[in-house]
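# Coordinate inspection notes
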Amino acid sequence: MPLNGEILSRDIVVATVENGVITSFDEDRLPMYLLRTMDVEGWLCSRAIDPHRTNSRLLKRALRIGSTDDLATVLRVHAATITDTYWFRSAGENLCYEDVKFKENQFASLALRGDPDSFNKNYSPTPELTNIGSYEKCWRQQDGGWFLVKRGSELERFSELLICRLGKALGFPMAEYFAEGDTVVSPDFTDGATQNFEPAMALMGDSEDYAENFEKFWELSPEIAKEYLQIIYMDALCFNMDRHTNNYGLLLDPNSGEVLSMAPNFDNNIALFARGIPANLARKNDKLIALYLDLLEQNSRANAIATGFPAPTREMLQRCVEETGIEMDDETIATACDFIMTGNEIIQLTMDNLQLTIKGQGQDQGLNFS
């Protein structure tokens with residue numbers, strides 16, 4: 001069935017769609033994915049819940065969504081999400097943003113735990129249909145706002161919480177996380193879509209290349225490039241193998257479309273020892289450290305920024321461990337701290353040597369560094 005209608009931000013029409021093709025649009029407010037691709041169906045499907053999650057299938061059955069098609073899934077809630085103000089209004093519909101904005105979530109427990117008591121509830125619009133990602137999770141209302149609740153193993157939760165606390169201790173923008181039973185809970189960092197979150201995928205496609213990302217963010221602003229560099233620095237320190245273009249991105253002004261900042265660092269549950277304690281505790285030939293240092297060696301602007309980043313200390317790490325609220329055995333904690341500090345030592349030593357090399361090259365050319 002052809003797509004006909006409008007893409008809106010709140011109640012402002014940002015694009016008109018005829019037979020799946022954008023025929024007119026507001027360049028300042030159009031989602032970045034669409035500015036890059038003009039692929040309406042691709043943009044809509046990118047907002048759909050992961051169909052491979054077990055509870056995703058249960059949710060669709062409970063909501064009587066017969067098709068497993070991503071497009072049909074998102075259109076059931078007009079492609080609205082918690083973390084931005086965009087939505088789709090089909091031709092002939094007489095709706096405003098208040099009609100499609102999520103006000104409750106009757107299916108949170110079903111999405112999170114497969115709760116059988118939620119399965120027989122009557123249909124109501126739920127943000128779970130546009131809650132992307134591969135982990136079982138849900139949006140929960142609390143204290144007038146939305147909170148993301150995500151399940152995970154003890155090591156996954158420990159990783160998420162420790163990296164959150166460590167990043168904050170280093171002065172970096174981090175999404176907040178709290179421990180709650182077998183879950184971690186994170187307040188919606190868009191504060192009810194007062195800012196629009198655009199994943200890096202919207203700008204970069206599938207490219208995770210550090211140099212390409214840094215240059216693209218530098219074009220937006222040096223401060224945004226710095227915030228990106230802080231994210232991949234933390235990834236290198238804490239061995240986050242799972243950074244991809246849907247779990248970092250930008251915050252935009254919904255009214256003007258202006259890029260405000262990088263979104264805070266989030267989604268660090270597949271880091272450290274979440275997949276088991278690695279054999280390479282000495283971090284020899286560590287790929288994430290190598291990729292980060294390669295960027296600094298090849299890009300003088302990235303190097304100049306990273307030189308000013310603070311480094312963790314053992315005392316800082318110990319405080320952060322205590323703040324996680326998760327009881328872990330002493331040996332695992334000590335090994336995790338050693339692992340991070342070993343990564344830090346490799347990074348700092350290589351950067352010191354790089355600065356000496358740069359200074360030596362400058363002196364050879366008669367430059368004054370005093």
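Going by the structure above, here's the rest.
Residues numbered from 1 in each chain as written. Predicted model: local features only at pLDDT ≥ 70, side-chain atom pairs only at ≥ 80, totals over all residues. Heavy atoms only, no water.

## Some thoughts on the state of the cysteines
For the structure on display, the rule yields zero disulfides. Take Cys320: it sits in no disulfide, and the sulfur closest to it among the cysteines is that of Cys337, at 8.9 Å. (Disulfide = S-S within 2.5 Å.)

## Points about the layout of surface pockets
Each pocket or cavity is described by its volume, and for the largest pocket that value is around 950 Å³. In this structure, the largest pocket is lined by 43 residues; those nearest its centre are Ile132, Gly133, Lys137, Phe197 and Asn246. When residues of the lining of the largest pocket are traced back to their parent elements, those giving at least two are helix 2 (40-45), strand 5 (137-142), strand 6 (145-151), strand 8 (183-187), strand 9 (196-199) and helix 9 (200-204). At three residues, the largest contribution of residues to the lining of the largest pocket is made by strand 9. The residue inventory of the lining of the largest pocket, partitioned by class, reads 21 nonpolar, 12 polar and 10 charged. Put simply, the second largest pocket is a space of about 270 Å³. Along its surface, the second largest pocket is lined by 17 residues, and Lys101, Gly145, Trp146, Asp188 and Gly192 are the ones closest to its centre. Among the elements that take part in the lining of the second largest pocket, strand 6 stands out by supplying three residues, more than any other. Across the lining of the second largest pocket, the residue classes break down as eight nonpolar, five polar and four charged. (1 Å grid on protein atoms, 1.4 Å probe; cavity = no way out; pocket = protein on both sides within 12 Å on 5 of 7 lines; lining within 4 Å. Points joined across faces, edges and corners; volume = space filled by probe spheres on them. Helix = DSSP H or I, 4+ residues; strand = E, 2+ residues; numbered from the N terminus. Nonpolar A, V, L, I, M, F, W, Y, C, P; charged D, E, K, R; others polar.)

## Re the sheet that holds strand 7 (residues 178-180)
Spatial ordering of the open sheet is given by 5-6-8-7, a layout of four strands whose pairing is antiparallel. Two strands close off the open sheet at either side, each with one partner strand: strand 5 and strand 7. Strand-to-strand twist across the sheet, computed as the mean angle between neighbouring axes with direction ignored, equals 35°. Here strand 6 runs beside strand 8; their pairing, made up of five bridges, is antiparallel. Paired with Leu148 across the bridge in strand 8 is Ser186. Each of strand 6, strand 7 and strand 8 is contacted by helix 8 (residues 154-169), which is oriented at about 35° to strand 8, the strand it contacts most. (Pairing = 2+ DSSP bridges. Axes fitted to C-alpha atoms, helices over the stretch in contact; angles between N-to-C directions. Contact = heavy atoms within 4.5 Å.)

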